[in-house]
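# Fold and geometry: a report
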Amino acid sequence: MTTSTKSDSAAKRDVTKLQRAIVDGLEDVKAHDIQVFNTEALSPLFERVIVASGTSNRQTKALASSVREAVKEAGFPVPRQEGEQNGEWIIVDCGSVVCHIMQPAIRQYYRLEEIWGETPVRMKIGAAKPKPAEVAAKKLAAKLAVEKAAAENTVVEKKPAAKKAAAKKPAAKPAAKKPAAKSAAAKTVKTVVVKPSTPRTAKPIAAKPAAKRAPRAKA
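Residues numbered from 1 in each chain as written. Predicted model: local features only at pLDDT ≥ 70, side-chain atom pairs only at ≥ 80, totals over all residues. Heavy atoms only, no water.

### Observations regarding the overall build of the protein
- Scanning the protein for helices and strands turns up six helices and five strands.
- For the protein, the succession of helices and strands along the chain, N to C, is α-β-β-α-β-β-β-α-α-α-α.
- Per-residue burial over the protein gives 22% buried out of 219 residues.
- In the protein, 60% of the contacts between residues at least 6 apart in sequence involve partners at least 24 apart.
- Carbon together with sulfur atoms contributes 59% to the accessible area of the protein, which is approximately 17300 Å² in total. (Helix = DSSP H or I, 4+ residues; strand = E, 2+ residues; numbered from the N terminus. Buried < 20%, exposed > 50% of the residue type's maximum accessible area, 1.4 Å probe, protein only. Contact = heavy atoms within 4.5 Å. Areas by Shrake-Rupley, 256 points an atom, 1.4 Å probe, with all protein chains shown as cover.)

Structure, rendered in structure tokens:
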């Protein structure tokens, strides 16, 4: 069930993309009265019918050619085409979407809207498209804006780093407190009480016996 659901959603996206490509192709050559109809409930062969008008054989042929190119550029197979020789009614078969390009008199006579128009599809038609030069200019402006923002962010980040380095310099002064440690050590030494060593009693020096003198020799 999950796989089928995913495949259905993908198919719907493809149909939406395809009908958008066809409408864009029609708009590029100034087609008149473009209408899109959902035909899922009316035919198993296709899901959309698009009807548009061209004022002359030349325009209908140009519209059909534009639709073929737009569908091809969108990544879909090249559609089949019928009625190009006459030019009054050209059918461009794009698979799940069929496009009818008709001259006004032929369209009014056959009234395809009454056959397939039970469920019309709402689309933005007639919106102004940006020119390639305008698109390129907008992309360039966006790129420059991003680079400018990146450069400004870099400068802003460097300034606080310099402030931190400057703030750290005064912090090195408290290192001069080392003499205080010496004075504390000196105080500790001063408070030490040195007990006087007990005097040793001097031993009486024994008197050495006088050396006996040798007797003098008699004359």
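### Focus: the sheet that holds strand β1 (residues 32-38)
- Spatial ordering of the open sheet is given by β1-β2-β5-β4-β3, a layout of five strands whose pairing is mixed. The outermost strands of the open sheet, each flanked by one partner alone, are β1 and β3 (80-82). The sheet shows a mean angle of 15° between the axes of neighbouring strands, direction not considered.
- As defined by bridge partners, β1 adjoins strand β2 (residues 48-53) across five bridges and the pair is classed as antiparallel. For N38, the partnering residue across the bridge sits in β2 and is R48.
- Of the strands in this sheet, β1, β2, β3, β4 (89-93) and β5 (97-102) touch helix α2 (residues 57-73), which is tilted by about 5° from β4. (Pairing = 2+ DSSP bridges. Axes fitted to C-alpha atoms, helices over the stretch in contact; angles between N-to-C directions.)

### Some words on the environment of K30
- With respect to the helices, strands and loops of the structure, K30 is situated in the loop between α1 (2-28) and β1.
- The exposure class assigned to K30 is exposed, which follows from its relative accessible area of 62%.
- Expressed as a C-alpha distance, the spacing of K30 and G54, which sit 24 residues apart in the sequence, is 8.3 Å.

### Description of the pattern of salt bridges
- In the structure shown here, the tally under the stated rule is seven salt bridges.
- Notably, a salt bridge pairs R107 with D33, separated by 3.3 Å at the nearest N-O pair. One end of the pair, R107, is in helix α3 (residues 104-110); the other, D33, is in strand β1, with 74 residues separating them in the sequence.
- Its salt-bridge partner being D93, residue R80 comes within 2.7 Å of it at the nearest N-O pair. With R80 in strand β3 and D93 in strand β4, this pair connects stretches of sequence that are 13 residues apart.
- By relative accessible area, which is 61% here, R80 ends up exposed.
- Residues participating in the shared-partner salt-bridge network are R20, D24 and E27. (Salt bridge = Lys/Arg side-chain N within 4 Å of Asp/Glu carboxyl O.)

### Some remarks on the side chain of Q103
- Locating Q103 in the fold gives a position in the loop between β5 and α3.
- In contact with Q103, other than residues within four places in its own chain, are G54, S56, N57, T60, G87 and E88.

### Focus: the nonpolar core
- Counting 21 residues, the largest nonpolar core has I22, L26, I50, V92 and I101 as its most contacted members.
- Where this core is concerned, the elements lending two or more residues are α1, β1, β2, α2, β4 and β5.
- Looking at this core element by element, the count peaks at five residues for α1.
- Those residues in contact with V92, other than ones at most four positions away along the chain, are A64, V67, R68, P79, R80, Q81, V97, V98, C99 and I101.
- Among the nonpolar cores identified, the runner-up in size contains nine residues, and F37, F46, V51 and I106 belong to it. (Core = buried A, V, L, I, M, F, W, Y, C linked by side-chain atoms within 4.5 Å.)

### Some details on the packing of aromatic side chains
- Within the structure shown, the criterion is met by three aromatic pairs.
- Look at F46 and W116: their rings are 5.3 Å apart centre to centre, the planes differ by 70°, and that puts the pair in the edge-to-face class. One end of the pair, F46, is in the loop between β1 and β2; the other, W116, is in helix α4 (residues 112-116), with 70 residues separating them in the sequence. An identical accessibility class is assigned to F46 and W116; each is buried.
- Through successive ring pairs, a cluster of aromatic residues spans W89, Y109 and Y110. (Phe/Tyr/Trp six-rings, centres within 6.5 Å; stacked < 30°, edge-to-face > 60°.)

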